[in-house]
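Per-entry structural report
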Amino acid sequence: MIVIGCDYHPSWQQICWLDTATGETEEKKLEHASGEAERFYRQLGSPALIGMESTGNCQWFVEMATTLGHDVWIGDAAKIRASDVRQQKHDKRDARLLLQLLAERRFPQIWTPSSEQKDLRQLLIHRHKLVRVRTQMKNALQHLAMNQGVLKKRKLWSAAGQKALCELPLRPWASWRREDLLKVMSVLEEKISVLDQAAAEAAAKDEKARLLMTQPGVGPITSLAFVLTMGDVRRFPRGKQVASYLGLIPREYSSGGHRRYGSISKQGNTFLRMLLVEAAQCAVRCDPQMRSEYLHRCHRKAKGVAKVAAARKLAIRLYWMLRTNTGYPEVVRVESSSRVPLVVRHSG
């Protein structure tokens, strides 16, 4: 069997390979644009095990190597870097380190989504980007209105607010800007509505996403993003590891019996963490137990801290829903002690 440590870069890669049968080893630099990398992996006589760090813009290479019959392992970049105590770092040394970890069976392999899951992720990311642009357009229109003494906040997007916005006496270039912003926002509204419908249909077809949507405050976008990001939740033994994976636990620097905590680590998927914080603010309005804990924490901590704590609790609850295949409100018995009363969902 051939084992390959691959230090991947967008335009080329440095590899160090080992033939386990003969003990032969060699280093090589492969260019991507010229097709040298594809020719090298295509001419290998037997399937190879390729190890590389988690990095972006490498989907084509992973799919190409998998199609040729090779096994590609993606490793945790932080753990790979921490396994080398030397202060020297260069491409050849990185490739040798990857090969060494593979040969010694110490390679920190991580879970990777399938091609279908990656494509669904693009749907959610594309919608998120368009929503951010729409928010920028709305903020610009709000500033145009406020500069004319009109302060309507959310009411600016009602029929009466839009009429008042269009009737504002603006100078020529400000009027031109208003028209362009309204046109762009109209186009974005149409595209986002199509993406919302597509995300709702995808969530309705996914059994796990339907299960998560039984939790109040969790809709198609959040449930689908959670399923696509977490993958197989059995790889997490406890809910605390889920919170750590999503970057919802505080930084800690404790020593000598003194505990020092900072802000949350913000490691992991930024997009899902943002969705969980938004969904938690809806959940505290619909879920009596989460609302009680949220209000209690607001008396002692800042409101932002309480929101993040609610998001952490929501993430752990969604994890237990997938882990035990239990919907709401039955999942409250699974994740809580006997002292916590069952939350009864009211109709309406």
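The sections below set out a description of the structure shown in this document. (Residues numbered from 1 in each chain as written. Predicted model: local features only at pLDDT ≥ 70, side-chain atom pairs only at ≥ 80, totals over all residues. Heavy atoms only, no water.)

**Examining the sheet that holds strand β4 (residues 48–53)**
Sheet strands associate in pairs through backbone hydrogen bonding, adopting either a parallel or an antiparallel arrangement. Taking strand neighbours across the sheet as the criterion, the five strands line up as β3-β2-β1-β4-β5 in an open arrangement whose pairing is mixed. The sheet terminates laterally at β3 (25–31) and β5 (71–75), the two strands that pair on one side only. The mean inter-strand angle of the sheet, taken between neighbouring strand axes irrespective of direction, is 20°. Taken strand by strand, helix α2 (residues 59–67) contacts β1 (2–8), β2 (12–19), β4 and β5, and its axis lies near 145° from that of β5. Packed onto the sheet, helix α4 (residues 91–103) meets β1, β2, β3, β4 and β5 and runs at close to 140° relative to β1. (Pairing = 2+ DSSP bridges. Helix = DSSP H or I, 4+ residues; strand = E, 2+ residues; numbered from the N terminus. Axes fitted to C-alpha atoms, helices over the stretch in contact; angles between N-to-C directions. Contact = heavy atoms within 4.5 Å.)

**Focus: the side chain of Arg178**
Tracing the chain through its elements places Arg178 in helix α7 (residues 172–205). For Arg178, the side chain forms a polar contact with the main-chain oxygen of Leu165, separated by 2.9 Å. A polar atom in the side chain of Arg178 sits 3.4 Å from the backbone oxygen of Cys166. Ignoring sequence-local partners within four residues, the contact set of Arg178 consists of Leu141, Leu144, Leu165, Cys166, Glu167, Leu168 and Leu170. (Polar contact = N/O pair within 3.5 Å; in protein donor to acceptor, adjacent residues only side chain to side chain.)

**Details of the pairing of β5**
Pairing between β4 and β5: five bridges, direction parallel. Considered in β5, the bridge of Gly51 is made with Trp73. The handedness of the β4 to β5 crossover, carried by α2, is right-handed. (Right-handed = clockwise from strand over helix to strand, strands pointing away.)

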